[in-house]
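The lines below spell out each chain.
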Amino acid sequence: MSNELRKKLHDLAELADNTSDPQTKAIVEAIRLQTAVLNERLFAIELQLGTLTRRTENTTD
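Procedures and definitions
Residues numbered from 1 in each chain as written. Predicted model: local features only at pLDDT ≥ 70, side-chain atom pairs only at ≥ 80, totals over all residues. Heavy atoms only, no water. Axes fitted to C-alpha atoms, helices over the stretch in contact; angles between N-to-C directions. Helix = DSSP H or I, 4+ residues; strand = E, 2+ residues; numbered from the N terminus. Parallel < 35°, antiparallel > 145°, perpendicular 65-115°, else oblique. Left-handed = near helix turned anticlockwise from the far one by under 90°. Contact = heavy atoms within 4.5 Å. Nonpolar A, V, L, I, M, F, W, Y, C, P; charged D, E, K, R; others polar.

The name given to the chain in an unreviewed UniProt entry is DUF904 domain-containing protein, with the source organism recorded as Variovorax paradoxus.

Here's what the structure looks like:
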């Protein structure tokens, strides 16, 4: 996870913690969780692309 994304997730968590309105808190928390899930999926794709790239490089040598 990039430092920038880590900071954004931290900021969202703080915003959710500091919000007194339950509906706003739920929305911010949902956005934070969806962002974390998206980041995990992007990381998995990045790993798969790296593996595919290495395989391609090894077969063309």
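Let's pick the thread back up.
This next bit is on the packing of helix α1 (residues 3-18) against helix α2 (residues 22-60). At their nearest, the axes of α1 and α2 sit 8 Å apart, and the two run at 160° to each other. By the criterion of interaxial angle, the relationship of α1 to α2 is roughly antiparallel. When the axes of α1 and α2 are compared, the crossing they make is left-handed. Taken together, the residues of α2 that come into contact with α1 (itself represented by Leu-5, Leu-9, Leu-12, Ala-13, Leu-15 and Ala-16) are Lys-25, Val-28, Glu-29, Ile-31, Arg-32, Thr-35, Ala-36 and Asn-39. Here the contact of α1 with α2 is built from residues that sort into nine nonpolar, two polar and three charged.

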